[in-house]
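Fold and contact review
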Amino acid sequence: MRKVYNFSAGPAMLPEDVLLKAQAEMLDWNGTGMSIMELGHRGPEFQEVAAQAEADLRELLFVPDDYQVLFLPGGATTQFAMVPINLLNENKKADYIETGIWSAKAIEEAKRYGHVNIAASLTERDGLLYIPTQDEWHLSEDAAYVHYTPNETIAGVEFQWVPETGKIPLVADMTSSIMSQPIDVKQYGLIYAGAQKNIGQAGITIVIIRDELIKSSLFLTPTLYQYKVHAEHHSFYNTPPTYSWYIAGLMFAWTKQQGGVAKIYQQNKKKAAMLYDYIDQHLDFYQCQVHPDCRSLMNISFSLSNEKLTDAFLTEAEKNGLTNLRGHRIAGGVRASIYNAMPMEGVEALLHFMDAFRLSS
Ligand SMILES: *Cc1c(COP(=O)(O)O)cnc(C)c1O
């Protein structure tokens, strides 16, 4: 047993079983006498690891056959550029939904390559952060795609619904929500997710892209920024981040062992509800700034009514083995990230601490 529960927003905690397996296989992967990170990426051993990871991810998310699954270097931030570079068409126009810091960064990057229409922005309702419903959006008719961030990791704001964009492809940055709940891949043209939240360790990014969106890009586009090149080479145009890919594979296998995404979703809902319910029952002490219709399943952000107590709360929590609860440097307050790997016992320990802290303050 490890001694702390790590509530970091990312890189996030991994299941102990995954770490133990990686440890056991570190020096001698599958009888090769070598570590997986020392094996050639084009050799049969690594090729099998890679193919199994993709097959497991396809199974977990029910990815249809007309979608490619790519394992790409760089983070989600790389995708902020790759999406416009590859998907913008002649009129160079895209719609973006701005719901927080990550979508704002995606917008800034897209502006370098085309015209961005911000079709909707985060707003407030009853004094709480709120995502406007689609009837209030201003989508363009000729956008190449609509980009949104289903879960804004920093403020803890999440869509409880999927935007309807008709024939215009929907692009989603699922970095902090992928595999937390079932999705219908067909509703999206492109999904991307950096690995370090629900998929494993940093260094690799998953892209799930509908075949018809894979096109030739402009001549000056760097080779590694072209989906077409990665798709044609099955993500092996150059040396991929092999160890990150291997860890992602271990995470997918673990997720399957847990009963798959639908099963994990039930667990995730329970974990989040326990925290939100407790906060709502003690509004004189703890407060969540997010409207109940758009609260995040993975990143529970809240503050102490008496802000002066925040530092004491965080220090005491740390002493109790509850670590990385400080809110993002921009948002402040407290944020408990409870990705798939956070066990129920971790949430119970946090609740127990929150109650004790409240009673002793
Ligand atoms: C963490 C995060 C990112 C940034 O990922 P990097 O791998 O650091 O580029 C982007 N979008 C969302 C929603 C995130 O949670």
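This structure is a prediction, so every number in the text was calculated from the model and none was measured. The residue numbering used here restarts from 1 in each chain and proceeds along that chain's sequence as written. Whole-chain, interface and lining totals are the exception, using all residues; otherwise, since this is a predicted model, local features are given only for residues with pLDDT of at least 70 and side-chain atom pairs are given and counted only at 80 or more. With hydrogens and water stripped out, all remaining heavy atoms of the structure feed into the side-chain values.

**Digging into a nonpolar patch on the surface**
Together, Met26, Leu27 and Met37 make up an exposed nonpolar region whose accessible area comes to about 310 Å². Examined against the element boundaries, Met37 turns out to sit in the loop between helix H1 (16-24) and helix H2 (44-61). Only residues whose relative accessible area exceeds 30% and that form no salt bridge enter a patch; like-charged residues are grouped when within 9 Å of one another, and nonpolar side chains (Val, Leu, Ile, Met, Phe, Trp, Tyr) when within 5 Å. Surface accessibility in these figures is a Shrake-Rupley result with a 1.4 Å probe; residues are shielded only by whichever protein chains are displayed. A side-chain nitrogen of Lys or Arg and a carboxyl oxygen of Asp or Glu constitute a salt bridge if their distance falls within 4 Å. We count a stretch as a helix when DSSP gives it H or I for four or more residues in a row; a strand needs E for two or more, and each element gets its number in order from the N terminus.

**Looking at the packing of aromatic side chains**
Here is the rule: rings of Phe, Tyr and Trp (six-membered ring for Trp) pair when centre to centre is within 6.5 Å. Planes less than 30 degrees apart are stacked, more than 60 are edge-to-face, and the remainder are tilted. Throughout the structure, instances matching the rule amount to 21 aromatic pairs. On the basis of an interplanar angle of 70 degrees and a centroid distance of 6.3 Å, the ring pair of Phe80 and Tyr192 is categorised as edge-to-face. Of this pair, Phe80 sits in helix H3 (residues 76-87) while Tyr192 sits in strand S11 (residues 190-194), placing them 112 residues apart in sequence. Both rings, one in Phe302 and one in Phe313, keep their centres 6.2 Å apart while their planes meet at 90 degrees; by these two values the pair is edge-to-face. Of this pair, Phe302 sits in strand S14 (residues 299-304) while Phe313 is found in helix H8 (residues 310-319), placing the two residues 11 residues apart along the sequence. We note that Phe302, like Phe313, is buried. Aromatic ring contacts, followed pair by pair, group Tyr278, Phe285, Tyr286, Phe302, Phe313, Phe353 and Phe357 into a single cluster. Only protein chains enter the area calculation, which uses a 1.4 Å probe; residues under 20% of their type maximum are buried, those over 50% are exposed, and those in between are partly exposed.

**Focus on the pattern of salt bridges**
For the structure on display, the rule yields 14 salt bridges. With a closest N to O distance of 3.7 Å, Asp184 and Lys186 form a salt bridge. Judged by its relative accessible area of 35%, Asp184 is partly exposed. On the accessibility criterion, Lys186 (56% relative accessible area) is exposed.

**So, the domain arrangement of the protein chain**
How large an interface is tends to be reported as the accessible area lost when its parts come together. Segmenting the protein chain into domains produces domain 1 (5-16 + 260-360) and domain 2 (26-257). Between the C-alpha centres of domain 1 and domain 2 there is a distance of 26 Å. The contact rule is simple, with two residues in contact once any of their heavy atoms fall within 4.5 Å. Contact with domain 1, which involves 33 residues of that partner, is made by 31 residues of domain 2. Two parts placed together each lose some accessible area; with a 1.4 Å probe, that loss summed over both constitutes the buried area. For the pairing of domain 1 and domain 2, the buried interface totals around 2,700 Å² over both sides, and the portion due to carbon and sulfur atoms is 63%. Identification of polar contacts relies on pairs of N or O atoms within 3.5 Å, with a donor-acceptor requirement for protein atoms, meaning one able to donate a hydrogen and the other able to accept it, and with residues adjacent in sequence counted only if both atoms are side-chain atoms. Seen at the junction of domain 1 and domain 2, the total is 16 residue pairs in polar contact (both at pLDDT 80 or more). Domain start and stop points were drawn from an automatic or database domain assignment.

**So, the sheet that holds strand S3 (residues 93-98)**
In a beta sheet, neighbouring strands pair by backbone hydrogen bonds and run either parallel or antiparallel. Strands qualify as paired when DSSP identifies two bridges or more between them. Spatially, the seven strands line up as an open sheet ordered S2-S12-S11-S10-S7-S3-S4, and their pairing is mixed. Looking along the sheet, the strands with just one partner apiece sit at the ends: strand S2 (67-73) and strand S4 (115-121). With direction set aside, neighbouring strand axes in the sheet form an average angle of 20 degrees. Where S11 meets strand S12 (residues 204-210), five bridges bridge the pair, whose relative direction is antiparallel. Within S12, the position partnered with Gly194 by the bridge is Thr205. Along the sheet face, H2 touches S2 and S12 and points at about 125 degrees away from the line of S2. To get an axis, fit a line to the C-alpha atoms, keeping to the stretch in contact for a helix; angles then go from 0 to 180 degrees between the N-to-C directions. Contacts from helix H4 (residues 101-110) reach S3, S4, strand S7 (146-148) and strand S10 (170-173), with the element oriented near 160 degrees to S3.

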